[in-house]
Amino acid sequence: MEPSIRLAQVEPTLGNLAANLDLHLAQIGQATHDGIDLIAFPELSLTGYFLKDQTSDVARDLDAPELRSLIEASRDISIVVGFVESAPDGRVYNATAFLEDGRVLGVHRKVHLVTYGMFEESRDFAAGECFEPIESKHGRFGLLTCEDVWHMDGAYLYFMAGVDAFLISSAGPGRGVTRTEPEDGEDAASELSSNRTWRTIQDGLALWTRTPVLYVNRVGWEDGIVFAGATRAVDADANLVAGPLGLDPGHVDVTLGSTATRRSRTRTPLRRDEKPWILARGLAAHTGLVPPSRSEPESGTNPG
Amino acid sequence: MSVIDSKALLDLDPALATDLLVRFLRAEAGKFGFERAVLGLSGGVDSAVSCALAARAFGPQNVLAILMPYRTSNPDSARDAERVVAATGVQSKLVEISDMVDGYLDQEGVQDQTRRGNVMARARMIVLYDHSARDNALVIGTSNKTEILLGYSTQFGDAACALNPLGDLWKHQVFQLAAHLDLPDEVSAKPPSADLFEGQSDEDDLGFSYAEADAVLVRLVDHRWSQDDLVRAGFDADLVERLGRRIVINQYKRLPPIVAKLGERTVNQDFRYLRSWGH
């Protein structure tokens, strides 16, 4: 039985944990009732996005009551939720927790904090340092938080780890209303240029990894900035299989099709033909960061 | 030539922009419990577009457009404003500002045209904010991005508002929205004017056209061209320099007042919260 996944495009209230927790629990209850296996919420879904000096007020560790109640709810359904994590060492992260069977399977701390243009995340958050796949009973997931996808390292590492799907959670603001001429075969439907860019990146990510991409963004406004929705999912061939949603709250359900992914990877065996040692050698030559290795270890063997 | 083809940079998708701006007004007002709007309607294209957007966002019955002519205002302006009222179906009211403005101007013997214009703009602000309090309605702004960057407005006057749907739209885009929103042709066809005295024209005051300004500003501001890049691309060097200088010298109009920092956390410096704080 392929897992059914709900991408919940919600509208959190800035800094209001209690209201946002209620919103999550209501959505989780509905999804459980609908027989969904995994519900995913957007980046910082529990807190809102442009927190600035509210960041420390809404930071929570995994034992906080808000997280405890979500962990408890994960006995019935797997949950991916965005929150501000207060780590034991005092650092604060833009974090995404994967909750399942009443426990925390993993927490992805956003690696690529965005600090340019309208964004100033590095001012408020510490950066995560790794991309570790989540081993869920529903598959192996690569969690990426918004800007993480605009850099190639996380996607590449998850690709090499053989994830079943990328799960991108985002608080992506919309911008760009200039008219664009549709390309051949495209309809002229209105689309924010930021959403066009996101769509291109997601489709590219699917195509060069032959891996489904699940994208869940939020909606709503914070001081004149709109969060642009467009929650959607593509399969391993970048075919649209769910969404895109518009600018209103809502959700899409998608079934992770392992058969379709397997066929795509059989037709186009990019992972088999990947040569990571060339990357390692190049990084070593250009940055001195990675020792060169002569070849990739076979699957299941000790890389040492 | 100073207006190099800028269509690709400036032409907007009017349906998309309208949808966003209507959502913006509804969401940001609703967040704070407001369901009504008030705005000044001059008969010009900017306030006409704001009025049409507010009518869509709040429903025309919940929008009050106030016509505030001074005795030297062009009578055509009031007629065009009435056309906008008829086209959008909003509530309207006429508040003559001549007596309140002259009360001060005569007392102080103000002859300078800029000072007189500023007093009129601030008198209109007083009227709008009084009606805002009376009706529990938010003041909707009418300043576009071009005039905000040029500083072609009166601080605490026509620039004063709670929500501004036009503030990130170039003048060219305001005209596009006016057409999309089916506003009367008379409003879009006439030369833009602050209408502080009869026969005034924005483009005469500024010394360049809005088309020229938009073409330069969209590159300087949105696309981070340097002034040298613009001159190399064929834009008039003097125009580019004047526009660049106007942006800089008017920055004060775009920011809250400067607060002297004495303590550990200072409002607008390192006391950082959105208006949406808790909403």
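Our structure is the block above this text.
Definitions and cut-offs
Starting from 1, residues in each chain are numbered consecutively following that chain's sequence as written. Ligands are numbered from 1 and chains lettered from A, in the order in which they are written. Confidence filtering applies because this is a predicted model: local features only for residues at pLDDT of at least 70, side-chain atom pairs given and counted only at 80 or more, and all residues used for totals across whole chains, interfaces and linings. Side-chain numbers here rest on the full set of heavy atoms in the structure, without hydrogens or water. Strand pairing follows a simple DSSP-based rule, namely that at least 2 bridges must link the two strands. Only DSSP runs of H or I reaching four residues or more are called helices, and only runs of E reaching two or more are called strands; each is numbered from the N terminus. Whether two residues touch is decided by their heavy atoms; if any such pair falls within 4.5 Å, the residues are in contact. For every element, the axis is a line fit to its C-alpha atoms; helices are fit only across the contacting stretch, and the angle between N-to-C directions ranges from 0 to 180 degrees. Three exposure classes are used, based on accessible area relative to the maximum for each residue type with a 1.4 Å probe and protein chains only: buried under 20%, partly exposed in between, and exposed over 50%. Crossover handedness is defined here as right-handed if the route from the first strand over the helix to the second strand goes clockwise, with the strands pointing away from the viewer. Among buried residues, those of type Ala, Val, Leu, Ile, Met, Phe, Trp, Tyr and Cys that are joined through side-chain atoms within 4.5 Å constitute a nonpolar core. Using a 1 Å grid laid over the protein atoms alone, points where a 1.4 Å probe fits but cannot get out form a cavity; open sets with protein on both sides within 12 Å along at least 5 of 7 lines form a pocket; any residue with an atom within 4 Å of a point counts as lining. Grid points are joined across faces, edges and corners, and a volume is the space filled by probe spheres set on the points. Three residue categories are used. Nonpolar comprises Ala, Val, Leu, Ile, Met, Phe, Trp, Tyr, Cys and Pro, charged comprises Asp, Glu, Lys and Arg, and polar comprises the others, including Gly.

Another point: the sheet that holds strand 4 (residues 138-139) of chain B. Residues and elements named next belong to chain B. Spatial strand order, 3-2-1-4: four strands in an open sheet with parallel pairing. Of all the strands in the sheet, just strand 3 (91-94) and strand 4 have a single pairing partner and so form its edges. Where helix 3 (residues 45-58) meets the sheet, it contacts strand 1 (37-40) and strand 2 (63-67), and its direction lies at approximately 170 degrees from that of strand 1.

Looking now at the pairing of strand 2 of chain B. All names here are of chain B. Summarising burial for strand 2: five of the five residues are buried, a large majority. With burial as the criterion, each face of strand 2 is covered, one bearing Val63, Ala65 and Leu67 and the other bearing Leu64 and Ile66. Two strands pair when backbone bridges link them, and strand 1 and strand 2 are joined in this way by four bridges, in the parallel orientation. Following the sheet pairing, Val38 is matched in strand 2 by Leu64. Crossover strand 1 to strand 2 through helix 3 is right-handed. Where strand 2 and strand 3 come together, four bridges link them in parallel fashion. By the bridge assignment, Ile66 is partnered in strand 3 with Lys93.

One finds Val49 and Phe58 of chain B to be the most contacted residues of the largest nonpolar core, which totals 46 residues. Broken down by secondary-structure element, the contributors of at least two residues to this core are strand 11 (225-228) of chain A together with helix 2 (14-31), strand 1, helix 3, strand 2, helix 4 (75-88) and helix 8 (171-180) of chain B. When residues in this core are grouped by element, the largest group, 10 residues, is from helix 3 of chain B. Apart from residues no more than four positions distant in its own chain, Phe58 of chain B is found in contact with Leu25, Arg26, Ala29, Glu35, Ala37, Val63 and Ile140 of chain B. Core analysis: the next-biggest nonpolar cluster, separate from the first, contains 40 residues, Ala31, Phe41, Ala97 and Phe125 of chain A among them.

Residues and elements named next belong to chain A. Counted by the stated rule, this structure contains one cavity of 30 Å³ or more. Roughly 100 Å³ of volume is contained in the largest cavity. In terms of lining, the largest cavity is formed by Tyr49, Phe50, Leu51, Lys52, Thr55, Phe119, Glu120, Glu121, Asp124 and Phe125. Looking at side-chain class alone, the lining of the largest cavity contains five nonpolar, one polar and four charged residues.

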